[in-house]
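Summary of the model geometry
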Amino acid sequence: MTKTHFPTDRFESAQTPFYYYDLHLLDETLKAVTEYSDVPGFCVHYAVKANANPEVMRRIAAAGLGADTVSIGEIHAAVTAGFPAPKIVFAGVGKTDEEIRTALELGIGCFNVESEAELDVIEEIAASMGVKAPIALRVNPEIDAHTHHYITTGLAENKFGIAREVLPALIKKCLESDHLQFKGLHFHIGSQITDLTPYKILCERILELQKELEEKFPGLEIPNLNVGGGLGIDYDEPDENPIPDFKTYFDLFKRYLPLKPGQKLHFELGRAIVAQCGSLICKVVFVKEGLGKRFVILDGGMAALIRPALYQAHHKIENISSTSDIMEKYDVVGPICESSDTFGVDEILPLTKRGDYMALRSGGAYGEVMASCYNCRPLPGSLYSC
Ligand SMILES: *Cc1c(COP(=O)(O)O)cnc(C)c1O
């Protein structure tokens with residue numbers, strides 16, 4: 001049984017708003033990931049940017065996943081959580097010299113490089129340290145945004161990745177350098193992808209590109225292919241679909257991206273692993289009668305969970321205290337002086353009163369990790385299921 005149960009009796013001792021983590025669901029999710037990715041060559045990494053909560057990360061590390069990081073802070077958090085350095089990859093468009101040096105000292109598995117300028121700096125720093133930096137080049141797969149409007153990071157005009165036209169020159173640079181070690185190619189097409197067709201297109205693009213590069217560089221070995229993350233989750237029905245369909249996802253790659261002998265296929269999943277296990281728990285401060293509207297005002301808002309304000313995202317809202325059969329229509333809002341501090345409009349909820357606990361579901365990804373102290377509010381804490 002994976003439906004999240006909210007032990008409201010335990011919530012009395014906690015300061016709202018806080019994140020509640022269903023660790024049983026996290027473990028079940030990790031079990032599904034490891035089971036369905038048990039394919040020769042497949043390596044699953046966790047994208048730390050989705051949630052850096054220490055207990056959540058510790059469990060993911062214990063399940064044997066690697067870590068995908070975008071700052072030295074995330075690398076340190078990953079090491080602390082128990083991810084071995086060789087299973088940590090370092091991505092991001094703006095790595096600083098200090099971050100590159102520390103990552104090399106720690107002996108991380110790979111740098112996912114996004115530009116020629118970055119490649120040159122990594123080479124220079126590696127040379128000064130007398131080491132060889134492992135490099136994967138992030139390629140822009142240019143998957144058509146018109147067919148798949150939710151794909152926002154794999155396009156030519158985007159700040160991410162290297163254009164296919166300049167890729168051969170950078171591979172050549174890696175192959176000729178004493179301080180760079182060419183480890184492979186990295187792709188990431190976007191986030192919250194629920195129709196898997198773009199992944200199939202990605203597999204085709206990768207095979208095409210691999211063939212093209214092998215012709216340009218006879219004998220070229222591409223040890224790792226990295227297909228990024230982006231697998232989506234069900235924000236509308238978290239209890240019906242608590243665990244994403246990892247089977248179909250991994251089967252697709254197994255089927256459409258045949259690996260060469262010894263070649264590895266890396267995945268970097270964030271949201272799919274952690275989103276459903278976390279909920280933001282708030283208390284109702286007031287129920288306000290407006291003109292033709294009734295507002296539920298919570299003690300947590302966009303500072304605790306910014307996705308609705310930032311991306312017009314919607315999280316399922318549940319009153320976990322009310323046992324009333326009377327259903328009413330409410331706008332559910334936070335306490336912050338911004339109109340965008342709204343979690344839901346015309347939500348149908350059981351009769352709600354001051355002091356009720358409300359759960360904003362599917363908040364385990366890009367929730368706690370993006371929280372701020374805006375309005376001098378304390379950061380939300382966290383509470384774990386037993
Ligand atoms: C954000 C990101 C991920 C993780 O994305 P999810 O949608 O959370 O799976 C993986 N790889 C890269 C390069 C990213 O930028």
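Residues numbered from 1 in each chain as written. Predicted model: local features only at pLDDT ≥ 70, side-chain atom pairs only at ≥ 80, totals over all residues. Heavy atoms only, no water.

A count of helices and strands for the protein chain gives 11 helices and 16 strands. Here the C-alpha radius of gyration of the protein chain, 22 Å, is about what a compact globule of 386 residues would show, namely 21 Å. Burial status across the protein chain gives 54% buried among its 386 residues. By sequence separation, contacts in the protein chain at least 24 residues apart represent 71% of the contacts at least 6 residues apart. Per element, the accessible surface of the protein chain, about 16,900 Å² overall, is 53% carbon and sulfur. A gap of 2 Å separates the mean positions of the 37 positive and 53 negative side-chain charges of the protein chain. (Helix = DSSP H or I, 4+ residues; strand = E, 2+ residues; numbered from the N terminus. Rg over C-alpha atoms; globule rule 2.2 N^0.38 Å. Buried < 20%, exposed > 50% of the residue type's maximum accessible area, 1.4 Å probe, protein only. Contact = heavy atoms within 4.5 Å. Areas by Shrake-Rupley, 256 points an atom, 1.4 Å probe, with all protein chains shown as cover. Lys, Arg positive; Asp, Glu negative; His and termini not counted. Charge placed at Lys NZ, Arg CZ, Asp CG, Glu CD.)

Attention now goes to the packing of aromatic side chains. The final tally for this structure, using the stated rule, is 17 aromatic pairs. With a centroid separation of 6.0 Å and 45 degrees between ring planes, the pair formed by Phe90 and Phe111 is classed as tilted. Residue Phe90 is found in strand β4 (residues 88-90), and its partner Phe111 is found in strand β5 (residues 110-113); the two are separated by 21 residues along the sequence. You can call Phe111 buried: its relative accessible area is 0%. Between the aromatic rings of Tyr199 and Tyr249, the centroid separation amounts to 5.3 Å while the plane-to-plane angle is 80 degrees, which identifies the pairing as edge-to-face. (Phe/Tyr/Trp six-rings, centres within 6.5 Å; stacked < 30°, edge-to-face > 60°.)

What follows deals with the nonpolar core. Phe111, Leu137, Leu185 and Phe253 are the most contacted members of the largest nonpolar core, which totals 98 residues. Filtering out sequence-adjacent residues up to four positions away, Phe111 remains in contact with Phe90, Lys95, Ile100, Ala103, Leu104, Ile122, Ala133, Pro134, Ile135 and Ala136. Core analysis: the next-biggest nonpolar cluster, separate from the first, contains 9 residues, Phe11, Tyr20, Tyr357 and Leu383 among them. (Core = buried A, V, L, I, M, F, W, Y, C linked by side-chain atoms within 4.5 Å.)

In this section: the site of the ligand. Around the ligand sit 14 residues, and of these Lys49, Ser191, Glu268, Arg271 and Tyr366 come closest. Between the ligand and Ser191, the relevant distance is 2.4 Å, taken from an oxygen atom to a side-chain nitrogen or oxygen of the residue. Between the ligand and Gly230, the relevant distance is 2.8 Å, taken from an oxygen atom to a main-chain nitrogen or oxygen of the residue. The protein chains hide 92% of the 390 Å² of surface that the ligand would expose on its own. Classifying every residue of the shell around the ligand by side-chain character gives 3 nonpolar, 6 polar and 5 charged. (Near = heavy atom within 4 Å. Polar contact = N/O pair within 3.5 Å; in protein donor to acceptor, adjacent residues only side chain to side chain. Nonpolar A, V, L, I, M, F, W, Y, C, P; charged D, E, K, R; others polar.)

Partitioning the protein chain into domains gives domain 1 (23-273) and domain 2 (276-384). Distance from the C-alpha centre of domain 1 to the C-alpha centre of domain 2: 33 Å. Opposite the 19 residues of domain 1 that make contact, domain 2 presents 17 residues. Taken together, the two surfaces of domain 1 and domain 2 that pack against each other cover about 1,700 Å², and 52% of this comes from carbon and sulfur. At the junction of domain 1 with domain 2, the criterion picks out 2 salt bridges. (Domains from an automatic or database assignment. Buried area = accessible area lost by both parts, 1.4 Å probe. Salt bridge = Lys/Arg side-chain N within 4 Å of Asp/Glu carboxyl O.)

Under the defined criterion, the tally for this structure stands at 23 salt bridges. Residues Glu114 and Arg138 are paired through a salt bridge, measuring 3.0 Å at the closest nitrogen-oxygen approach. Residue Glu114 is located in the loop between β5 and α6 (116-129), and its partner Arg138 is located in strand β6 (residues 133-138); the two are separated by 24 residues in the primary sequence. The same class applies to Glu114 and to Arg138, which are both buried. Salt-bridge contacts for Asp251 lead to Lys247; the nearest nitrogen and oxygen are separated by 2.9 Å. Placement of both Asp251 and Lys247 in helix α9 (residues 246-256) is noted, with a separation of 4 residues, approximately one turn of the helix.

All of the buried residues along helix α5 (residues 97-106) are Glu99, Ile100, Thr102, Ala103 and Leu104. Taken together, the buried residues of α5 touch α4 (72-81), β4, β5, α6 and β6. Immediately downstream of α5, the backbone of Gly107 shows phi near 75 degrees, a positive value.

Side-chain direction in a regular strand flips from residue to residue, so the side chains alternate between the two faces of the sheet. Most of strand β9 (residues 264-269) is tucked away, with 5 of its 6 residues classed as buried. As defined by bridge partners, strand β8 (residues 224-226) adjoins β9 across 3 bridges and the pair is classed as parallel. Considered in β9, the bridge of Leu225 is made with Leu265. (Pairing = 2+ DSSP bridges.)

So, on to unusual backbone geometry. It is generally the case that most residues other than glycine have a negative phi and that most peptide bonds are trans. A cis geometry characterises the amide bond from Thr16 onward to Pro17, with omega recorded as -5 degrees. Along the chain, Pro17 turns up in the loop between α1 (8-11) and β1 (18-21). Look at Asp346: it is not a glycine, yet its phi comes out positive at around 55 degrees. Despite not being glycine, Tyr366 shows a phi value in the positive range, around 60 degrees. For Tyr366, a relative accessible area of 11% translates into the label buried.

Relative placement of two packed helices is described by the angle separating their axes and the distance separating the axes. Look at helix α2 (residues 23-36) against helix α3 (residues 54-62): their axes get within 10 Å of each other, and the N-to-C directions meet at 30 degrees. What the angle tells us is that α2 and α3 run roughly parallel. Note on packing geometry: the crossing formed by α2 with α3 is right-handed. Between α2 and α3, the contacting residues are Leu23, Leu26, Asp27 and Leu30 on the first element and Glu55, Val56, Arg59 and Ile60 on the second. Across the contact of α2 with α3, the residue classes break down as 5 nonpolar, no polar and 3 charged. (Axes fitted to C-alpha atoms, helices over the stretch in contact; angles between N-to-C directions. Parallel < 35°, antiparallel > 145°, perpendicular 65-115°, else oblique. Left-handed = near helix turned anticlockwise from the far one by under 90°.)

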